[in-house]
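The residues making up each chain are set out below.
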Amino acid sequence: MARLRSPLSRLFTVLLAGALAGLVLAVAALPGNLLLGFAARSALGSYAALPEALRTPVTPQRSYLYANDGRTLITTFYDVNRTDVPLDEIAPVMRQAIVAAEDRRFYDHGGTDLRGLARALVANVKGGGTEQGGSTLTMQYVRNVLKTDPGRTAEERAAATEQTVGRKLQEIRYATALEQRLGKDEILNRYLNIAYFGSGAYGIAAASQRYFAKAPAELTLAEAALLAGLVQSPEAYSPIDGDQNAALERRGYVLDSMVATGAITAGQAARAKAEKPTLRPTAQPNGCTAVAQGHEDWGFFCDYLRQWWLGQAAFGATVEEREQALRRGGYTVVTSLDPQIQATAQKQATGVYGYDNARALPIAAVEPGTGRVLAMAVNRHYSLADNPAGQTNHPNTVNPLISGGDSVDGYQAGSTFKLFTMLAALESGKPLATGFDAPSRLPTRYAAEGDGSCAGRWCPANANPEWMDGYRMMWDGFGRSVNTYFVWLAEQVGPEKVVEMAQRLGITFRADADAAFARDNAANWGSFTLGVAATTPLDLANAYATVAAEGTYCAPLPVVSVTAADGERVPVGDPSCKRVLDADVARAATDAARCPVGQQSPYGQCNGGTATSVNRILDGRPVAGKTGSSERNATETFVGFTPQVAVAGIAANPDDTTDSVGAAVQARVIDAVARVIATAVDGQPEQAFAAPGRELVGEPRLPVERRPADDRRPADDRRPADEERLSDLRRWFSNRG
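Residues numbered from 1 in each chain as written. Predicted model: local features only at pLDDT ≥ 70, side-chain atom pairs only at ≥ 80, totals over all residues. Heavy atoms only, no water.

With respect to the overall build of the chain
Note the following rule: Numbered from the N terminus, helices here are DSSP runs of H or I no shorter than four residues, and strands are runs of E no shorter than two. Each residue is placed in one exposure class: buried if its accessible area under a 1.4 Å probe, protein chains only, is under 20% of its type's maximum, exposed if it is over 50%, and partly exposed if it falls in between. Only heavy atoms matter for contacts: two residues are in contact if any of them lie within 4.5 Å across the pair. Using the Shrake-Rupley algorithm and a 1.4 Å probe, accessible areas are obtained, with residue cover drawn only from the displayed protein chains.
For the chain, the helix and strand inventory stands at 28 helices and 21 strands. Within the span of the chain, comprising 737 residues, buried residues form 57% of the whole. Considering only intrachain contacts with a sequence separation of at least 6, the fraction spanning at least 24 residues in the chain is 73%. Summing over all exposed atoms, the chain offers an accessible surface of approximately 28300 Å²; the carbon and sulfur share of this is 49%.

Here is the structure:
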């Protein structure tokens with residue numbers, strides 16, 4: 001290599017010249033074979049004594065994240081932009097060019113070219129503007145490995161490039177030892193995969209992409225010569241960031257050297273010199289804020305995957321080691337993200353609220369039976385860009401609005417939590433036909449004070465007494481979302497069992513107050529069934545997916561497969577599932593969950609629902625689900641599922657819980673979630689839900705008021721006119737005892 005002249009490097013040259021002059025002058029005139037033998041004996045190095053990084057290279061490499069098709073790139077992670085490729089995937093002209101540019105006698109010497117070193121020493125002592133180092137490709141490779149070895153300290157890595165006689169002698173010794181064991185092609189391959197080509201590109205694969213947006217196997221002669229010329233002074237010669245004229249002059253030198261080595265003819269060199277470089281600068285994305293252009297929404301999924309990764313012991317003993325593995329380990333990650341489902345979810349989320357709206361509709365889609373997360377969408381750009389004055393989290397944010405964590409506890413999901421009460425009741429032996437004459441208001445055993453109490457007891461009310469009151473069973477109690485029926489039912493089985501059921505299905509209490517109540521006072525959390533605890537669309541979708549999978553809970557999983565740089569599969573892509581419910585209990589709950597969406601139970605007991613439009617959108621395909629409205633309609637939620645997918649969406653203002661989204665948006669949330677389900681099942685065979693056994697059905701009796709299953713008057717559209725009169729009562733929905 002040649003380096004620009006400096007006082008320090010000049011001093012190094014003089015010192016090294018004095019130390020090696022005798023050796024060089026004594027052997028420079030020897031015949032080639034004797035010279036090689038002398039070099040090998042003089043090196044006094046052995047392969048076994050080499051640093052581990054030289055014997056088993058561990059070079060930092062970029063990790064790639066793909067969508068579930070294995071082809072659509074989401075982003076990459078790297079500290080160093082590098083990806084190793086085998087020699088047969090590098091164009092022959094590139095191999096020839098690098099040898100001609102950096103070490104013409106590469107195939108003739110044994111790691112140290114004493115003739116080249118003598119020539120460099122003489123030239124450097126004489127001076128003349130540039131300084132020649134006399135380093136062979138093998139010596140350069142040694143230096144590159146030692147200065148990037150992640151197993152060495154920062155001081156040790158810095159020492160690999162010190163201008164000292166000791167460092168140069170060590171480099172010679174290591175290079176000779178490598179050549180005694182490794183073949184020339186192996187050394188050349190390693191060199192091409194570690195050399196720095198400027199503009200942030202380490203290794204020929206990264207350089208080919210960075211400068212020409214192509215694989216190294218596709219490089220032309222002119223392109224290969226230009227890249228080979230960069231290694232001598234990557235930043236100065238960079239045709240992107242440096243002097244393009246200097247880069248072309250250096251390319252001409254490389255082409256002439258290739259003629260001198262016999263790799264190409266003079267005519268080929270002339271034609272290549274005449275070519276104007278067609279550069280296609282391509283920056284590699286790095287991290288979740290650098291996802292594929294036009295897909296800023298993918299960043300929320302990417303961030304969830306990164307958080308999942310940091311919790312996997314397979315990638316290191318500590319969080320720091322796992323982060324380093326992601327950025328330096330060269331993994332190929334096929335994620336569970338489905339681009340089509342994601343696109344529909346994003347379209348629906350932004351169709352309800354625009355990017356600049358303070359209110360948000362986070363949506364999550366999960367695959368039952370595997371837990372694989374298929375989509376995570378919200379009307380936000382995943383970006384660190386500044387927001388306009390007064391706007392906290394819109395249009396740009398990196399907060400986990402869909403999955404929760406950090407400062408995001410989640411949102412109240414209202415009556416969707418009635419599912420957990422129904423499951424707890426079914427599990428305790430109460431059949432679907434369990435009946436109760438649900439009143440407009442229900443005095444409970446839980447203490448309460450204020451206007452909304454009944455004689456000092458919490459007294460919840462039905463939002464629409466005309467449509468909800470009367471004799472109800474689980475079918476129509478769930479279909480019409482009858483508050484007093486489910487508060488009563490929770491009392492029968494014990495609220496602590498309802499809370500435990502929610503946790504069993506993956507509901508995480510991220511808010512400190514919720515976690516404390518669940519831990520210390522769950523037996524008195526009567527309002528839990530009305531969905532007063534904060535949750536996230538991802539938790540909610542996965543809980544309902546457990547029911548869709550007939551009681552098999554699977555931990556949310558953002559990957560399909562993870563492959564290490566050596567081609568070995570890392571055993572983290574398989575679903576982690578366990579049975580948490582008896583299959584018949586789950587089937588019975590699903591039977592009742594068909595009522596809200598306008599479908600009919602096999603036992604004919606559905607007579608009205610709050611989301612009957614779902615049946616029309618899914619064109620009668622078997623589907624189930626539940627709506628939820630929190631106090632004063634601060635949030636509106638819908639979660640729906642088929643045997644193949646579960647999707648949840650929660651309309652809320654993440655920055656201001658006092659900003660009620662209002663009842664009117666519920667129909668749009670229902671429509672949005674249903675259309676995501678429709679995309680997810682498009683082209684898949686229709687699957688029916690299994691009917692529950694008779695034991696969990698019981699003996700149905702017709703309710704006092706019977707309406708057909710396709711009744712399209714959801715509760716929220718038939719609220720009484722005197723809404724203000726009930727506002728004080730609704731306030732008690734959020735009581736925790």
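Some details on the sheet that holds strand 7 (residues 373-377)
Let me state the cut-off plainly: Strands pair, by our definition, only if DSSP identifies at least two bridges between them. Only the stretch in contact is used when fitting a helix axis, every axis being a line fitted to C-alpha atoms; angles between N-to-C directions are given from 0 to 180 degrees.
Strand order across the open sheet formed by five strands is 7-6-21-20-19, with antiparallel pairing between neighbours. Each end of this open sheet is capped by a strand with a single partner; those strands are strand 7 and strand 19 (624-629). Here the strands of the sheet are splayed against their neighbours by 5° on average, with no regard to which way each runs. Here strand 19 pairs with strand 20 (residues 636-641) via six bridges, running antiparallel. When the sheet's bridge partners are listed, Gly 628 is paired in strand 20 with Thr 637.

Looking at the state of the cysteines
Condition: The disulfide criterion is simple: two cysteine sulfur atoms within 2.5 Å.
Within the structure shown, the criterion is met by four disulfides. Put simply, Cys 288 and Cys 302 are joined by a disulfide, and their sulfur atoms are 2.1 Å apart. The disulfide joining Cys 288 to Cys 302 has a torsion of about -75° about its S-S bond and is therefore left-handed. With Cys 288 in the loop between helix 14 (266-274) and helix 15 (298-309) and Cys 302 in helix 15, this pair connects stretches of sequence that are 14 residues apart. This pair shows no difference in class: Cys 288 is buried, exactly as Cys 302 is. Shown here is the disulfide that connects Cys 554 with Cys 577, its sulfur atoms set 2.1 Å apart. Handedness here is read from the sign of the S-S torsion; for Cys 554 and Cys 577, about 105°, the answer is right-handed. In this pair, Cys 554 is assigned in strand 16 (residues 552-554) and Cys 577 in strand 18 (residues 577-579), connecting sequence segments 23 residues apart. The exposure class of Cys 554 is buried, given its relative accessible area of 3%. Judged by relative accessible area, Cys 577 falls into the partly exposed class, the value being 35%. If the cysteines joined by disulfides in the chain are listed in sequence order, their pairing comes out as 1-2, 3-4, 5-6, 7-8.

Points about the sheet that holds strand 3 (residues 73-77)
Strand order in the open sheet made by the four strands is 3-2-5-17, with mixed pairing throughout. Unpaired on one side and paired on the other, strand 3 and strand 17 (559-563) mark the two borders of the sheet. With strand direction ignored, the average angle separating the axes of adjacent strands in the sheet is 15°. Across four bridges, strand 5 (residues 332-335) lies against strand 17 in antiparallel orientation. Its bridge partner being in strand 17, Val 333 is matched across the sheet by Val 562. Across the face of the sheet, helix 15 comes into contact with strand 2 (63-66), strand 3, strand 5 and strand 17 while running at roughly 45° to strand 3.

Side note on the environment of Ile 507
Tracing the sequence through the fold places Ile 507 in the loop between helix 22 (495-504) and helix 23 (512-520). Look at Ile 507 and you get buried, because its relative accessible area is 4%. Expressed as a C-alpha distance, the spacing of Ile 507 and Asn 542, which sit 35 residues apart in the sequence, is 8.6 Å. Excluding residues within four positions of it along the chain, Ile 507 makes contact with Phe 417, Phe 420, Ala 502, Thr 535, Asp 539, Leu 540 and Ala 543.

Some thoughts on the pattern of salt bridges
Oppositely charged side chains can form a pair if their charged atoms are brought close together. For clarity, the cut-off: We define a salt bridge as a side-chain nitrogen of Lys or Arg found within 4 Å of a carboxyl oxygen belonging to Asp or Glu.
In the structure shown here, the tally under the stated rule is 21 salt bridges. A salt bridge links Arg 472 to Asp 476; the shortest N-O distance between them is 3.1 Å. Accessibility assignment for this pair places Arg 472 and Asp 476 in one class, buried. Several salt bridges converge on common partners, so that one network encompasses Arg 143, Arg 167, Lys 168 and Glu 171.

Observations regarding helix 25 (residues 583-593)
This is how the line gets drawn: Here a polar contact is recorded for every N or O atom pair within 3.5 Å, except that within protein the pair must consist of a potential hydrogen donor and a potential acceptor, and residues adjacent in sequence are included only if both atoms are side-chain atoms.
Among the 11 residues that make up helix 25, 10 are buried, leaving the element largely enclosed by the rest of the structure. Residues of helix 25 that are buried make contact with helix 18 (418-427), helix 20 (474-479), helix 24 (537-548), strand 18, strand 19 and strand 20. For helix 25, the N-terminal cap is Asp 582; the gap from its side-chain oxygen to the backbone nitrogen of Asp 584 is 2.9 Å.

Structural notes on the nonpolar core
Counted only if it meets this: Remark: nonpolar core denotes a set of buried residues (Ala, Val, Leu, Ile, Met, Phe, Trp, Tyr, Cys) joined through side-chain atoms within 4.5 Å.
Counting residues in hydrophobic clusters, the biggest one holds 114 residues, and the most contacted among them are Phe 420 and Met 422. Setting aside chain neighbours within four positions, we find Phe 420 in contact with Val 498, Met 501, Ala 502, Leu 505, Ile 507 and Ala 543. Listed in part, the 60 residues of the second largest apolar core include Met 139, Val 142, Phe 212 and Ala 246.

Brief notes about the packing of aromatic side chains
Our working definition: Any two rings among Phe, Tyr and Trp, with Trp reduced to its six-membered ring, count as a pair given centres within 6.5 Å; such a pair is stacked if its planes are under 30 degrees apart, edge-to-face if over 60, and tilted if neither.
Under the defined criterion, the tally for this structure stands at 20 aromatic pairs. Aromatic pair Phe 417 and Phe 420: ring centres 5.1 Å apart, planes at 75°, arrangement edge-to-face. Phe 420 shares its class with Phe 417; the two are buried. Measuring from ring centre to ring centre gives 5.9 Å for Tyr 485 and Trp 488, while their planes differ by 50°; the resulting arrangement is tilted. Taken together, the positions of Tyr 485 and Trp 488, both in helix 21 (residues 483-493) and three residues apart, correspond to about one turn of that helix. Residues Tyr 485 and Trp 488 agree in their burial class; the two are buried.

Quick word on the packing of helix 13 (residues 244-261) against helix 14
Basically, it comes down to this: Roughly parallel covers angles under 35 degrees, roughly antiparallel covers those over 145, roughly perpendicular covers 65 to 115, and oblique covers all other angles. The handedness criterion is simple: a crossing whose near helix is rotated anticlockwise from the far helix by less than a right angle is left-handed, and one whose near helix is rotated clockwise is right-handed. Think of it as three bins: nonpolar holds Ala, Val, Leu, Ile, Met, Phe, Trp, Tyr, Cys and Pro, charged holds Asp, Glu, Lys and Arg, and polar takes everything else, Gly as well.
At a closest axis distance of 9 Å, the pairing of helix 13 and helix 14 adopts a crossing angle of 170°. When the axis of helix 13 is compared with that of helix 14, the two are roughly antiparallel. Relative to helix 14, the crossing made by helix 13 is right-handed. Note on element contacts: helix 14 touches helix 13 through Ala 266, Ala 269, Ala 272 and Lys 273, opposite Arg 251, Gly 252, Leu 255, Asp 256 and Val 259. Class assignment for the residues of the contact of helix 13 with helix 14 results in five nonpolar, one polar and three charged.

Some details on the pairing of strand 19
Across the six residues of strand 19, six count as buried, placing the element largely inside the fold. Taking every second residue as pointing to the same face, both faces of strand 19 are buried, with Ala 624, Lys 626 and Gly 628 on one and Gly 625, Thr 627 and Ser 629 on the other.

A short note on the side chain of Gln 342
Among the structural elements, Gln 342 can be located in helix 17 (residues 339-352). Only 2.8 Å separates the side chain of Gln 342 from the backbone nitrogen of Met 376, close enough to count as a polar contact. Those residues in contact with Gln 342 that lie beyond four places of it in its chain are Asp 297, Trp 298, Leu 337, Ala 375, Met 376 and Ala 377.

Regarding the packing of helix 18 against helix 22
Close contact between helix 18 and helix 22 brings their axes to 8 Å; oriented N to C, the two are set at 110°. With respect to helix 22, the axis of helix 18 lies roughly perpendicular. Seen from helix 18, the contacting residues are Phe 420, Thr 421, Leu 423, Ala 424 and Glu 427; seen from helix 22, they are Lys 497, Val 498, Met 501, Ala 502 and Arg 504. Across the contact of helix 18 with helix 22, the residue classes tally to six nonpolar, one polar and three charged.

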